[in-house]
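Take a look at the letters that make up each chain.
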Amino acid sequence: MTTLKWWQTALFYQIYPRSFADGNGDGIGDFKGITEKLDYLKDLGIDGLWLSPHFPSPNWDCGYDVSDYCDVAPEYGTLDEFKTFLNEAHARGMKVILDLVLNHTSDEHAWFLESKSSRDNPKADWYVWADTPPNNWQSCFDGEAWTYAPERGQYYYHYFMKQQPDLNWRNPEVKQAMWDAVRFWLDMGVDGYRLDALGTIYEDPALTPHTVPMTMGELRRFSETAQTPEEKALVDKYWFDMFKNQWGGPGLHDLMKELRAVIDEYDGDRMLVGEDDNIDYMGDGDDELHLVFNFPLMRTEKMTPAHIRKNQKERIARLDKLPTRGWACNTLGNHDTSRIYTRYGDGQHDAELARLNAALVLTLRGTPFIYNGEEIGMTDYLITDPAKLRDTMATWYYEHLVGEMGVAPAEAAQRAGDMTRDKNRTPMQWGNSANGGFSPANVEPWLPVNPNYAGGVNVHDQQDNPDSLLNYYRRLVRVRKQTPALVVGEYKPLHEKAEDYFAFLRFTEAQSVLVVLNYSASHQELKFNLPGKKTAHVLFSSSGRGKKDEPLSKVSLGAFEVLVAELR
Ligand code: GLC
């Protein structure tokens, strides 16, 4: 394992700063809180932390609208508190990567304020300006993609909200300014970056209009009301067609190479992981991004063995083809998606399925990323009062439905509650006390706490319960760390026709490990023909069967069981 880099062997944990831990009791997470929870994370077996944006921001997009790249949002603390956090994480052997939002800044960033002030200021060309909207492009969050700035008498382009103007990355000064910000944190000792929405950095230079016969609001509505397979296929086609000219434009490979060169100026194997599933952005395997997320794995309503096998086959073939072999990176949830427990649950076996999916991410080939709260089984929380929504994309949709589309407020509230990302961003549930122990009882947290904290979905109650999901994660992470084949090993699917269960090998020259995930309520008796191997020595099982040997001619699994066994 010694030849691997830290980011290949690490288990990453995504912290959503606003919701993770409220150290000063004001209803908002902060660095004091995060620092106090580092021992918890260490104990869970975490080696790498990814922080969603912690920079000053007017929070139209919950921090993804950055107004200063070189500071800490006051509600999260001070730069000194950040440094304390970083040192304390490093002291525990944990690396820290930050979120880097390249495509756009906040409309309150000094760069934009200057750029919009006149047509001939020094930053006049730092954003994307036009005299009149040159096409019908849409913002994927709130309607038209071109917004008028009266100060300049011109329109600026924004792929996301109008409070998130796109930077003009064809201007070399923009690059220099952003690389300075990148160096600011690297100089401080930060270990790398997660690159936000990189696909949207460059647009089609010909500004080709889209051909979808709908506005953004209408398409969202159509997505909700589509019933037949034909309608659903049309929805997918329309989403693709509406935005295909607004991302993936020429220039991104060169830009990633430039950024990689900045990162490589530093020692300590600093790294980049892209919020994109396109393996092309890994370049030749050693000159662009170190990792891209395997999002196709999570893009399914139901996690099935067939889906997983197909996904692994495609991804691994692509990674293996890179001149320097690429490293995989798996995740099932983040701050933009419905929580694993809810999304892949069937309403009946949610707890069992959550355990299977945890095991999936922790045993597949590649670096795993888990999202805060996943380890205690946090679920989506539907916010039906529009006044409580903080995700402005949802507020916009609510108002659009009621105001422009004549939808009844009650239905609109339900729709907005369904589509908002607030449901998977609610505060971390630390205990079985008011506010789930996130904030003091007399304080209203920035988003409501999911009341299911009182039913055992909290760290405190799970901490000492050997059967809790939290302890399941801990045990499984420990087995992963103690089993080299699960970290560095190759992947080989077994029983590829099986519909009920997903079986595969992870192996090195020295060790072969069998993993079986029984995604069904039926008991399985399986036979594996593996040359030179006779017994499966159980390393881990979700059914508490304890360590024992099973003959490979008859491996028994209970309903929804997870089995990890070393072959002998
Ligand atoms: C990414 C972030 C998302 C944000 C968007 C715009 O997709 O994950 O939360 O809204 O970029 O920055």
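Residues numbered from 1 in each chain as written. Predicted model: local features only at pLDDT ≥ 70, side-chain atom pairs only at ≥ 80, totals over all residues. Heavy atoms only, no water.

Looking at helix 10 (residues 252-264)
Residues spaced three or four apart along an α-helix face the same direction, because each turn holds 3.6 residues.
Here is step 1 of the chain: Taking 1.5 Å of rise per residue, the 13 residues of helix 10 would be expected to cover 18 Å, and the 18 Å separating its terminal C-alpha atoms lies within 8% of that figure.
Here is step 2 of the chain: Of the residues making up helix 10, those classed as buried are Leu252, Leu255, Met256, Leu259, Arg260, Val262 and Ile263. An end-on view of helix 10 places all buried positions within 155° of arc, on one side of the element.
Here is step 3 of the chain: Taken together, the buried residues of helix 10 touch strand 3 (95-101), helix 7 (172-188), strand 9 (192-196) and strand 10 (271-274). (Helix = DSSP H or I, 4+ residues; strand = E, 2+ residues; numbered from the N terminus. Expected span 1.5 Å × (residues − 1). Buried < 20%, exposed > 50% of the residue type's maximum accessible area, 1.4 Å probe, protein only. Arc of directions from axis to C-beta. Contact = heavy atoms within 4.5 Å.)

Overview of the site of the ligand
Here is step 1 of the chain: Taken together, the neighbourhood of the ligand is formed by 13 residues, with Asp61, Asp196, Glu275, His335 and Asp336 sitting nearest.
Here is step 2 of the chain: For the ligand, an oxygen atom lies 2.8 Å from a polar atom in the side chain of aspartate 196.
Here is step 3 of the chain: Note that an oxygen atom of the ligand is positioned 2.8 Å from one of the side-chain N or O atoms of glutamate 275.
Here is step 4 of the chain: Among the residues forming the shell around the ligand, the class breakdown is four nonpolar, two polar and seven charged. (Near = heavy atom within 4 Å. Polar contact = N/O pair within 3.5 Å; in protein donor to acceptor, adjacent residues only side chain to side chain. Nonpolar A, V, L, I, M, F, W, Y, C, P; charged D, E, K, R; others polar.)

Describing the packing of helix 14 (residues 350-363) against helix 18 (residues 469-482)
Here is step 1 of the chain: Taken N-terminus to C-terminus, the directions of helix 14 and helix 18 make an angle of 25°; their axes are 11 Å apart at the nearest point. Considering their axes alone, helix 14 and helix 18 lie roughly parallel with respect to each other. By crossing handedness, the relation of helix 14 to helix 18 is classed as right-handed. Between helix 14 and helix 18, the contacting residues are Arg355, Leu356, Ala358, Ala359 and Leu362 on the first element and Leu469, Tyr472, Tyr473, Leu476, Val477 and Arg480 on the second.
Here is step 2 of the chain: Classifying every residue of the contact of helix 14 with helix 18 by side-chain character gives nine nonpolar, no polar and two charged. (Axes fitted to C-alpha atoms, helices over the stretch in contact; angles between N-to-C directions. Parallel < 35°, antiparallel > 145°, perpendicular 65-115°, else oblique. Left-handed = near helix turned anticlockwise from the far one by under 90°.)

Brief notes about the layout of surface pockets
Here is step 1 of the chain: Reported here for the second largest pocket is a volume of approximately 410 Å³.
Here is step 2 of the chain: Every residue lining the second largest pocket is counted, 24 residues in all, and those nearest its centre are Lys5, Trp7, Gln8, Gly285 and Asp286.
Here is step 3 of the chain: Among the secondary structure elements, those contributing two or more residues to the lining of the second largest pocket are helix 1 (6-9) and helix 10.
Here is step 4 of the chain: Tallying contributions element by element places helix 10 first for the lining of the second largest pocket, with three residues.
Here is step 5 of the chain: Tallied by class, the residues present in the lining of the second largest pocket amount to eight nonpolar, seven polar and nine charged. (1 Å grid on protein atoms, 1.4 Å probe; cavity = no way out; pocket = protein on both sides within 12 Å on 5 of 7 lines; lining within 4 Å. Points joined across faces, edges and corners; volume = space filled by probe spheres on them.)

Side note on empty space enclosed by the protein
Here is step 1 of the chain: Within this structure, the stated rule accounts for four cavities of 30 Å³ or more.
Here is step 2 of the chain: In this structure, the largest cavity encloses a volume near 90 Å³.
Here is step 3 of the chain: Forming the boundary of the largest cavity are 13 residues, of which Arg339, Ile340, Tyr341, Glu374 and Met378 lie nearest the centre.
Here is step 4 of the chain: At the level of elements, helix 13 (340-343) and helix 18 are the ones that each hand at least two residues to the lining of the largest cavity.
Here is step 5 of the chain: Grouping the amino acids of the lining of the largest cavity by side-chain chemistry returns seven nonpolar, four polar and two charged.

Quick look at the environment of valine 96
Here is step 1 of the chain: Its location among the elements puts valine 96 in strand 3.
Here is step 2 of the chain: Assessed through its relative accessible area of 0%, valine 96 is described here as buried.
Here is step 3 of the chain: Measuring from C-alpha to C-alpha, the distance between valine 96 and tryptophan 50 comes to 6.0 Å, with 46 residues separating the pair along the chain.
Here is step 4 of the chain: Contacts of valine 96, omitting those with residues within four sequence positions, involve Leu49, Phe85, Leu86, Ala89, His90, Val190, Asp191 and Gly192.

Description of the domain arrangement of the chain
Here is step 1 of the chain: Domain boundaries assigned for the chain yield domain 1 (6-102 + 171-203 + 250-379 + 427-471), domain 2 (110-157) and domain 3 (489-567).
Here is step 2 of the chain: Between the C-alpha centres of domain 1 and domain 2 the distance comes to 31 Å.
Here is step 3 of the chain: Of the roughly 660 Å² buried where domain 1 meets domain 2, counting both sides, 67% is carbon and sulfur surface.
Here is step 4 of the chain: Counting the surface domain 1 buries against domain 2, the share from its top three residues, Asn171, Val174 and Glu203, is 52%.
Here is step 5 of the chain: On the surface where domain 1 and domain 2 come into contact, there are two residue pairs in polar contact (both at pLDDT 80 or more).
Here is step 6 of the chain: Classifying every residue of the side of domain 1 that touches domain 2 gives four nonpolar, two polar and three charged. (Domains from an automatic or database assignment. Buried area = accessible area lost by both parts, 1.4 Å probe.)

As for unusual backbone geometry
Here is step 1 of the chain: In the Ramachandran plot, asparagine 59 falls in the positive-phi region, its phi being about 65° despite a non-glycine side chain.
Here is step 2 of the chain: Tracing the backbone shows asparagine 59 in the loop between strand 2 (48-51) and helix 5 (79-91).
Here is step 3 of the chain: If you check the backbone angles, aspartate 269 has positive phi at about 50° while not being a glycine.
Here is step 4 of the chain: With relative accessibility at 35%, the residue aspartate 269 sits in the partly exposed group.

A closer look at the packing of helix 15 (residues 392-403) against helix 16 (residues 409-419)
Here is step 1 of the chain: In contact at an axis separation of 9 Å, helix 15 and helix 16 are set at 155° when each is read in the N-to-C sense. Here helix 16 runs roughly antiparallel to helix 15, going by the angle between their axes. Considering the relative orientation of helix 15 and helix 16, their crossing is right-handed. Only Pro409, Ala412, Ala413, Arg415, Ala416 and Met419 of helix 16 make contact with helix 15, whose side of the interface consists of Met393, Ala394, Tyr397, Tyr398, Leu401 and Val402.
Here is step 2 of the chain: Across the contact of helix 15 with helix 16, the residue classes break down as 11 nonpolar, no polar and one charged.

With respect to the sheet that holds strand 21 (residues 562-567)
Here is step 1 of the chain: Judged by pairing direction, the sheet is antiparallel, and its six strands sit side by side in the order 14-15-16-21-18-19 without closing on themselves. Looking at strand neighbours, the two that pair on one side only are strand 14 (490-494) and strand 19 (549-551), the edges of this open sheet. The mean inter-strand angle of the sheet, taken between neighbouring strand axes irrespective of direction, is 30°.
Here is step 2 of the chain: One ladder, built from three bridges, connects strand 18 (residues 535-541) with strand 19; its direction is antiparallel. Looking at strand 19, one finds that histidine 537 is bridged to aspartate 549.
Here is step 3 of the chain: Where helix 14 meets the sheet, its contacts fall on strand 15 (501-507), strand 16 (512-518) and strand 21, and the angle it forms with strand 16 comes to roughly 150°.
Here is step 4 of the chain: Sheet strands in contact with helix 18 are strand 18 and strand 21, and its direction is about 135° off that of strand 18. (Pairing = 2+ DSSP bridges.)

Remarks on the nonpolar core
Here is step 1 of the chain: Tyr13, Leu49 and Phe85 are the most contacted members of the largest nonpolar core, which totals 169 residues.
Here is step 2 of the chain: The biggest single contributor to this core is helix 7, with eight residues.
Here is step 3 of the chain: Residues Leu505, Leu530, Leu552 and Val555 belong to the second largest nonpolar core, which totals 18 residues. (Core = buried A, V, L, I, M, F, W, Y, C linked by side-chain atoms within 4.5 Å.)

Focus: the pattern of salt bridges
Here is step 1 of the chain: For the structure on display, the rule yields 42 salt bridges.
Here is step 2 of the chain: Aspartate 196 is paired through a salt bridge with arginine 194; the nearest N and O atoms lie 2.8 Å apart.
Here is step 3 of the chain: Owing to a relative accessible area of 2%, arginine 194 belongs among the buried residues under this scheme.
Here is step 4 of the chain: One salt bridge connects glutamate 411 with arginine 415, and the closest N-O pair in it is separated by 3.3 Å. Placement of both glutamate 411 and arginine 415 in helix 16 is noted, with a separation of four residues, approximately one turn of the helix.
Here is step 5 of the chain: Classification of glutamate 411 as partly exposed rests on a relative accessible area of 31%.
Here is step 6 of the chain: Shared partners join several salt bridges into a network, and the residues in it are Asp61, Asp336, Asp391, Arg421 and Arg425. (Salt bridge = Lys/Arg side-chain N within 4 Å of Asp/Glu carboxyl O.)

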